[in-house]
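Each chain, letter by letter, is given below.
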Amino acid sequence: MSFGKDSLAMLLLLLEKKMPLDEVIFYNSEMEFQAIYDIRDRIRPVLEQRGVRFTEVRPDASFLYNMLERPVNSKKNGFHLGYGWCGGPCRWGTKLKTRSLDGVALDAEVHYVGIAADEPERLAKLEPPKCSPLAEAGMTETDCLAFCYERGFFWEENGVRLYDILDRVSCWCCKNKNRKELKAIYQFLPEYWEKLKELQAQIPMPMKPFSRKGIPYGNVFDLEKVFEQEVREERSAVPPKKKRRCCEQSR
């Protein structure tokens, strides 16, 4: 369980269909959106009532230690501290997560995995005992989000639904976030934007390899300048509301 839309839809489906379920396992990267932890905390009492064990797995060392402090000696970059941004070709956080999850519940006959029906490449990699109840039910990613919304789970923070502004509610510091998502974080989730700036101040490599008119600007601080200008231009482009008056003529 990641407590994103797909895995939550899977869990709710299993519970509603009363399918065999002994344990729910959540990998806590420590870098999830608060909405993820809020939903986890809503679900735990439900699992307890159903007699389903809840297990939370954490990395041996903190995410920030691996990101910023761990001694690393690579052929490409030599000796340095920290793996840096997680994402793209360097998905070290994903490797830690997969290794941790695959190392627990090895005695289970079935491992339910939240992969939707419209993710054929991921489904093709599933091997027993792993299976996808969502694919078996024909539920796409869009179906999963609607399924969760219908049951009152919205992933709300700062007055917005995260799935309205983000393609995926993965770790807030994930390097795989696209330009649209990063701009949305800047506009609607300033708390996380400040955290991204704090990380960028400690990581020499820019978060994203973006460029504008031939000038690189993937650094979070440069991104902020670009987004600030874009938002200002967008606001100034909005036409002013026309004044309307209602006049009553006396007869």
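To be clear, the structure that these remarks concern was listed above.
Cut-offs and rules
Every chain begins its residue count from 1, and numbering advances along the sequence as written. Predicted model: local features are reported for residues with pLDDT of at least 70 only, side-chain atom pairs are reported and counted for 80 or more only, and whole-chain, interface and lining totals are derived from all residues. To get the side-chain values, take all heavy atoms of the structure and skip hydrogens and water. To qualify as a helix, a DSSP run of H or I must reach at least 4 residues; to qualify as a strand, a run of E must reach at least 2; elements of each kind are numbered from the N terminus. Summary of the burial criterion: residues with accessible area below 20% of their type's maximum are buried, those above 50% are exposed, and those between are partly exposed, where the area comes from a 1.4 Å probe applied to protein chains only. Should any heavy atoms of two residues lie within 4.5 Å, those residues are considered in contact. Strand pairing is defined by DSSP finding a minimum of two bridges between the two strands. To obtain an axis, a line is fitted to C-alpha atoms, over the contacting stretch when the element is a helix, and the angle between two such axes runs from 0 to 180 degrees between their N-to-C directions. Comment on the angle field: the value is read as roughly parallel under 35 degrees, roughly antiparallel over 145, roughly perpendicular from 65 to 115, and oblique elsewhere. Here a crossing is called left-handed whenever its near helix is offset anticlockwise from the far helix by less than a right angle, and right-handed whenever the offset is clockwise. Ten residue types, Ala, Val, Leu, Ile, Met, Phe, Trp, Tyr, Cys and Pro, are classed as nonpolar, four, Asp, Glu, Lys and Arg, as charged, and the remainder, Gly among them, as polar. Any Lys or Arg side-chain nitrogen located within 4 Å of an Asp or Glu carboxyl oxygen qualifies as a salt bridge. Side-chain atoms within 4.5 Å link the members of a nonpolar core, which is a set of buried Ala, Val, Leu, Ile, Met, Phe, Trp, Tyr and Cys residues. Only rings of Phe, Tyr and Trp enter the pairing, Trp through its six-membered ring, and a pair is recorded when the two centres are within 6.5 Å. The plane angle decides the type: under 30 degrees is stacked, over 60 is edge-to-face, the rest tilted. Throughout, the arc means the angular range of directions from the helix axis out to the C-beta atoms.

## A closer look at the overall build of the protein
A tally of helices and strands in the protein yields eleven helices and ten strands. By residue count, 42% of the 251 residues in the protein fall in the buried class. For the protein, the share of sequence-separated contacts (at least 6 apart) that also reach a separation of at least 24 residues comes to 57%.

## Structural notes on the side chain of E230
Note on placement: E230 falls in helix α11 (residues 220-237). With relative accessibility at 12%, the residue E230 sits in the buried group. Setting aside residues up to four positions removed in sequence, E230 forms contacts with R179, K183 and R212.

## Focus: the pairing of strand β3 (residues 71-74)
Across four bridges, the pairing between β3 and strand β4 (residues 78-81) is antiparallel. Residue pairing in the sheet places V72 in a bridge with H80 of β4. Between β3 and β4, which pair antiparallel in sequence order, lie three residues.

## Observations regarding the packing of helix α1 (residues 5-16) against helix α2 (residues 34-50)
It is at 13 Å that the axes of α1 and α2 come closest, and there the two elements cross at 20°. As far as their axial angle goes, α2 and α1 are roughly parallel. In the crossing of α1 with α2, the sense of the turn from one axis to the other is left-handed. The residues of α2 that touch α1, namely those facing L8, L11, L12 and L15, are I39, I43, V46, L47 and R50. Class assignment for the residues of the contact of α1 with α2 results in eight nonpolar, no polar and one charged.

## Notes on the pattern of salt bridges
Per the counting criterion, the structure on display carries 20 salt bridges. A salt bridge links K5 to D6; its shortest N-O distance comes to 3.0 Å. Given a relative accessible area of 7%, K5 falls into the buried group. A salt bridge links K195 to E191; the shortest N-O distance between them is 3.8 Å.

## Some details on the nonpolar core
In this structure, I43, M67, W155, W193 and L196 are the most contacted members of the largest nonpolar core, which totals 65 residues. Counting residues per element, this core draws most heavily on α1, at eight residues. Among all residues touching L196, those that are not within four sequence positions of it are W85, W172, C173, L182, I185, M207 and V220.

## Focus: the packing of aromatic side chains
Given two aromatic rings, one states the distance between the centres and the angle between the planes to describe the pair. As enumerated under the stated definition, the model contains 13 aromatic pairs in all. Note on F3 and F54: the rings are 6.4 Å apart at their centroids and 45° apart in plane angle, and the pair reads as tilted. Remark: F54 occurs in strand β2 (residues 53-57) and F3 occurs in the segment before α1; sequence separation between them is 51 residues. What makes F3 buried here is its relative accessible area of 0%. Seen from their ring centres, W193 and F227 are 5.9 Å apart, and the 55° between their planes marks the pair as tilted. Of this pair, W193 sits in helix α10 (residues 190-200) while F227 sits in helix α11, placing them 34 residues apart in sequence. Comparing W193 with F227, the two get one shared label, buried. Three or more aromatic residues link up through ring pairs in this structure, and these residues are F3, F26, Y37 and F54.

## A few points about helix α4 (residues 92-102)
Along α4, the residues classified as buried are W92, G93 and S100. The buried residues of α4 occupy an angular sector of 105° when the element is viewed end-on, so they sit on one face.

## Considerations on the packing of helix α9 (residues 179-188) against α10
The N-to-C vectors of α9 and α10 enclose an angle of 115°; their axes lie 6 Å apart at closest approach. The chirality of how α9 crosses α10 is left-handed. Listed contacts from α10 to L182, I185, Y186 and F188 of α9 are P190, Y192, W193 and L196. Residues that form the contact of α9 with α10 fall into these classes: eight nonpolar, no polar and no charged.

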